[in-house]
Amino acid sequence: MKKHTFYFFGFFLFVFIACNVDNTVNYRPEIQFYKNPTTNKMDTLNIYYTDLAGVYRLDTIAVGDTVSFQIYVTGVSNNLKSFIITQSADSLTKMILPSKSSMDSVFMSNSNYTEGRFLMNGTTISLFFPFKYVAKKASREAKLTFSVVSDASSDLSQFSFTLKTPILAVK
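Residues numbered from 1 in each chain as written. Predicted model: local features only at pLDDT ≥ 70, side-chain atom pairs only at ≥ 80, totals over all residues. Heavy atoms only, no water.

Could you clarify how one ought to interpret the overall build of the protein chain in this entry?
Assigned secondary structure in the protein chain consists of 2 helices and 13 strands. Once local pairs closer than 6 in sequence are excluded, the contacts in the protein chain between residues at least 24 apart make up 73%. Summed over its atoms, the accessible surface of the protein chain is roughly 10700 Å², and 57% of this surface lies on carbon and sulfur atoms. (Helix = DSSP H or I, 4+ residues; strand = E, 2+ residues; numbered from the N terminus. Contact = heavy atoms within 4.5 Å. Areas by Shrake-Rupley, 256 points an atom, 1.4 Å probe, with all protein chains shown as cover.)

Written as structure tokens, this is what we have:
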């Protein structure tokens with residue numbers, strides 16, 4: 001009898017400890033490419049792993065190429081607070097964003113589009129974001145950094161990665 005009572009109370013103790021009493025679900029937000037980036041010449045570009053964590057490499061592009069990106073950002077079950085795209089140097093590349101009116105309907109007024117800071121009011125769990133990336137100058141150090149922040153608990157609320165974009169001079 002004592003064994004059964006011990007197992008019974010042990011089971012209930014396990015159930016109560018395993019419960020999430022604040023009724024929240026926390027997942028790390030994600031950034032995905034909706035489809036592979038393409039150039040203005042309709043070439044599909046591949047993305048490769050590098051030996052550094054969180055750093056990837058895009059196929060080589062040439063000066064004058066315009067790369068079209070279609071990014072899908074999700075908080076899984078958490079709301080998105082901000083999405084940031086940072087380019088390494090304005091002299092090397094240029095971002096062409098969607099129209100200001102379409103971005104104003106999604107992002108908060110304190111967003112800074114020229115700096116790549118897109119702030120959200122925290123009421124949506126996903127975002128589809130297309131933009132173009134123009135190679136202006138040859139460089140092996142050009143890169144884009146993508147970051148997202150959600151309302152998940154602090155240790156799971158952020159995700160970011162860097163995409164190196166080698167640019168060759170046109171011959």
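How should I be thinking about the pairing of strand E12 (residues 158-164) in this particular structure?
Each regular strand displays side chains that alternate between the two surfaces of the sheet. Relative to E12, strand E4 (residues 55-58) runs parallel, the two being bridged by 3 bridges. Bridge pairing in E12 links Val55 to Thr162. (Pairing = 2+ DSSP bridges.)

Explanation requested: the pattern of salt bridges in the structure shown.
Note on pairing: side chains with opposite charge can pair once their charged atoms come close. For the coordinates displayed, the defined rule picks out 3 salt bridges. The salt bridge involving Lys41 is made with Asp65; its shortest N-O contact spans 2.9 Å. Taken together, the positions of Lys41 in the loop between strand E2 (38-39) and strand E3 (47-49) and Asp65 in the loop between strand E5 (61-62) and strand E6 (66-74) put the pair 24 residues apart, joining distant regions of the chain. Between Glu115 and Arg117 there is a salt bridge whose closest N-O contact spans 3.8 Å. (Salt bridge = Lys/Arg side-chain N within 4 Å of Asp/Glu carboxyl O.)

Just to check I follow, could you spell out the packing of aromatic side chains for this structure?
Here the distance between the centres and the angle between the planes together describe a pair of aromatic rings. Scanning all chains against the criterion turns up 20 aromatic pairs. Centroid distance Tyr34 to Phe128: 5.3 Å. Interplanar angle 80°. Geometry classified as edge-to-face. Highlighted residues: Tyr34 in the loop between strand E1 (30-33) and E2 and Phe128 in strand E10 (residues 126-135), separated in sequence by 94 residues. Ring centres of Phe69 and Phe131 lie 5.1 Å apart, and the angle between their planes is 15°; on these two criteria the pair is classed as stacked. Here Phe69 is found in strand E6, whereas its partner Phe131 is found in strand E10, with 62 residues between them in sequence. Owing to a relative accessible area of 3%, Phe131 belongs among the buried residues under this scheme. (Phe/Tyr/Trp six-rings, centres within 6.5 Å; stacked < 30°, edge-to-face > 60°. Buried < 20%, exposed > 50% of the residue type's maximum accessible area, 1.4 Å probe, protein only.)

Before we go on, may I ask you to explain the side chain of Asp65 in this structure?
Of the residues examined, Asp65 reaches a relative accessible area of 8% and is grouped as buried. Here the side chain of Asp65 touches Lys41 through a polar contact of 2.9 Å, side chain to side chain. (Polar contact = N/O pair within 3.5 Å; in protein donor to acceptor, adjacent residues only side chain to side chain.)

Even after reading the chapter, I still don't get the nonpolar core, so can you show me in this structure?
Looking at soluble globular proteins, one finds that nonpolar side chains tend to be buried together. By size, the foremost hydrophobic cluster in this structure holds 30 residues, and its most contacted members are Phe83, Phe129, Phe131 and Phe146. Among the elements of the structure, E6, strand E7 (80-87), E10, strand E11 (143-150) and E12 are those that each provide at least two residues to this core. Among the elements that take part in this core, E10 stands out by supplying 5 residues, more than any other. Excluding its chain neighbours within four sequence positions, the residues that come into contact with Phe83 are Ile31, Ile71, Val73, Gly116, Arg117, Phe118, Met120, Leu127, Phe129, Phe146 and Ser147. (Core = buried A, V, L, I, M, F, W, Y, C linked by side-chain atoms within 4.5 Å.)

I would appreciate a short explanation of unusual backbone geometry in the present structure.
A negative phi angle is the norm for most residues apart from glycine, just as the trans form is the norm for most peptide bonds. Notably, Met42 is not glycine yet its phi reads approximately 70°, a positive angle. Among the structural elements, Met42 can be located in the loop between E2 and E3. The exposed category is assigned to Met42, whose relative accessible area is 64%. A positive phi angle is found at Val76, which is not glycine, with a value near 60°. Mapped onto the elements of the fold, Val76 is located in the loop between E6 and E7.

Honestly, that's just the spatial picture; any functional story needs more than this.
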